[in-house]
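# Structural characterization, general
Each chain, written out:
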Amino acid sequence: MSSTLSVVETYPVSDGTASSPASVNDLAIRVGTVNGSGSQSANLVLLRALYAMGIPCSGKNVFPSNIEGLPTWFHIRASARGYVAHRLDTPILVCMNEQTAKDDVRLLNPGSICIYRDDFADDLRTVRDDVQFFPVPFAKLVEQAYPPDKGDKSYRDKLRKVVNMVYVGVVAYVTGIEMDAVESGIRREFPGRKAKAAEINISAARTGHAWAEENLPGDLPFRVKRIDSTGNQILIEGNKAAALGALFGGASVLTWYPITPSSSLAEYTEEFLKKYRTGPDGKRTFAVVQAEDELAAVGMAVGAGWAGARAITATSGPGVSLMTEFVGLAYFAEIPLVIIDVQRMGPSTGLPTRTSQGDVLKMHLLGHGDCRHIVLIPGSVGECYSLTAEALDLAQQFQTPVFVATDLDLGMNLWLTDPFQYPEKPLERGKVLSAEDIERYGQFERYKDVDGDGVCRRTIPGTEHPLAAYFTRGTGHNEKSGYSERPEDWKKNLDRLARKLDTARTKVPAPVIEGPVSARIGLIAYGSSHPAVVEARDVLKEQGIATEYCRLRALPVADDVLHFIERHQRVYVIEQNRDAQITSLLRAKFPGSAGDRLQAITHYNGTPIAAENIVRPVLGWEKSPSGPGWPTGNVEADNPDVPHDAPDVSPE
């Protein structure tokens, strides 16, 4: 029978080496390996084993942008409290990469556990005397589990990958992860025709576990126990969730060009479309085109949107830059399409495999002249699904490009979520006129605001009515879509487009606001920062600081955000970019006393934000010996010396 543990248990460590209590079901594991070594499968086995034990968990892969050879780390988090954000302090470290081992050990808290290869040139035990070190004979154990085969020319290459499952077994013993769950996870990683590989890897995990059972202490401090806190939740990455959103949102045309970290989103979408949009006769009701570059990809999507398709493309920051001119065309010609930006670290090509929220202003303002776009910002994999589908509706409803702003952390890592809901409402097609509609109205002027909401009526090419045709212009035009350079026509168009965005402000996903309205302190965040904010609020509450929390889910921002800011003495805006982009936008939108209450907490080193990155600066300000102070500028969440001497890096 499974036991249920509703809260995290803590207890003191008997040897006195730990600076904090040991714990049950409050676990973080950091695995340092070499990119291309095949460690991903082993790490996912650990993650899925924790999930099978009913413990809320998440996994984050911090990997280099080359194919192989450089250091990579995998972070696993398991918490009975449901915390799934990145965690800076890691009580268990697995060192399989000698190149980074010493630096990794130096980051540990006293009392942590380090598991490492015993064939390193330098003994890691010389680095620290306040950490428990367990050297493991991995090379010997893996050959014991997977004996040499002289007839297998690829044996050595396979061996260096199988060795990873040995550390899975060792970690399972050290932490109490159930071996049944481990073996189930291995079979999931190696299904069907890979059954032989599964048995080899199970043997390696068992060998590691048996060695640890015989050679390591049995009363280690960081443990997990089976509980039932995951229910019917699933583990899924944001890119796959967004692909399902595209499928259920009715996407019929996908155009894309490969770019990290969005490529898998397009690949998943194509896979789903082929599976579910192909009839018994083999005919497809969709089109997928891998273009020669991002410029061509978005051009095709614009053409498909103009023709009436629900068109979508996926990219990242450098791709968005190439798309600028076509996006401006679609904005002014009022053509629907959806662009998903899985953000990565910039500027330039930057760090392709590191996460960031550095494109939010670019997405909102992309184009030439006065452009402002709808941007949806998922804060979970569930919203990657639902907001991608909603973006397809909004694009057609408002006849405009709509961006979905995810990031590498949300897109490429596995997260827990409730099962996705089947759509309950029909697809939104917007103000599309049929031949019968035109006949009833007696006229059609493409860019005339008939309803006063800034949204015009449109026709689809091929509509069989003599009045249905119009010129689609990216240049100046009047209400009848005729070419015009008259100042009054140009101004009228721009004013109407602004009115359309104001209408959209009331239709985009509303911010999620929770917590006591009487709290003196407010927090604003968006996107993948959400899990860290959830945890940080609990920590701050334990420190006597109550907070109300506003999670932005879309641009343009709703008026509710102004009301939120006005009822707090101070509002911290948490962002994963250097220049506090949303803070700048809010200050411009709400000038005066409301904007003056905003203070940015910025995190931009490329790693996922952790609760500590939020708690540390807030406590520094709110519990300053001289009383709550007001910093002079944005403060880096990664700087341990904040807040009092923080440099002023706020946007001008």
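Refer to the structure printed above.
## Concerning the environment of Tyr483
With respect to the helices and strands, Tyr483 occurs in the loop between α15 (435-441) and α16 (487-505). Taking the relative accessible area as the measure of exposure, Tyr483 reaches 46% and is therefore partly exposed. Taking the C-alpha atoms as reference, Tyr483 lies 9.9 Å from Thr472; in sequence the two are 11 residues apart. When neighbours within four sequence positions are excluded, Tyr483 is seen to be in contact with Arg473, Thr475, Gly476 and His477.

## Structural notes on the sheet that holds strand β21 (residues 554-555)
One open sheet holds the seven strands; their spatial order is β12-β11-β13-β14-β16-β15-β21, and the pairing between them is mixed. Among the strands making up the open sheet, the edge pair consists of β12 (287-290) and β21.

## Some thoughts on the sheet that holds strand β22 (residues 570-575)
One open sheet holds the six strands; their spatial order is β18-β20-β19-β22-β23-β24, and the pairing between them is mixed. The open sheet has two edge strands with one neighbour each: β18 (512-514) and β24 (635-636).

## A look at unusual backbone geometry
Residue Pro347 follows Gly346 across a cis peptide bond; omega there is 10 degrees. Within the secondary structure, Pro347 is located in the loop between β14 (337-343) and α12 (360-365). In this structure, the amide linkage connecting Leu555 to the following residue, Pro556, adopts the cis form with an omega of 5 degrees. Along the polypeptide, Pro556 turns up in the loop between β21 and α18 (559-566). At Gln399, a position not held by glycine, the phi torsion is positive, near 50 degrees. With respect to the helices and strands, the residue Gln399 is situated in the loop between α13 (381-398) and β16 (401-407).

## Some remarks on empty space enclosed by the protein
In total, this model carries six cavities of 30 Å³ or more according to the counting rule given. In this structure, the largest cavity occupies an estimated 70 Å³ of space. Ala28, Ile29, Arg30, Ser58, Lys60, His75, Ile76, Arg77, Ala85, His86, Arg87 and Thr90 are the residues that line the largest cavity. Secondary structure elements with two or more residues in the lining of the largest cavity: β3 (26-34), β4 (57-62) and β5 (71-79). Tallied by class, residues from the lining of the largest cavity come to four nonpolar, four polar and four charged.

What counts as what
- Residues numbered from 1 in each chain as written.
- Predicted model: local features only at pLDDT ≥ 70, side-chain atom pairs only at ≥ 80, totals over all residues.
- Heavy atoms only, no water.
- Helix = DSSP H or I, 4+ residues; strand = E, 2+ residues; numbered from the N terminus.
- Buried < 20%, exposed > 50% of the residue type's maximum accessible area, 1.4 Å probe, protein only.
- Contact = heavy atoms within 4.5 Å.
- Pairing = 2+ DSSP bridges.
- 1 Å grid on protein atoms, 1.4 Å probe; cavity = no way out; pocket = protein on both sides within 12 Å on 5 of 7 lines; lining within 4 Å.
- Points joined across faces, edges and corners; volume = space filled by probe spheres on them.
- Nonpolar A, V, L, I, M, F, W, Y, C, P; charged D, E, K, R; others polar.

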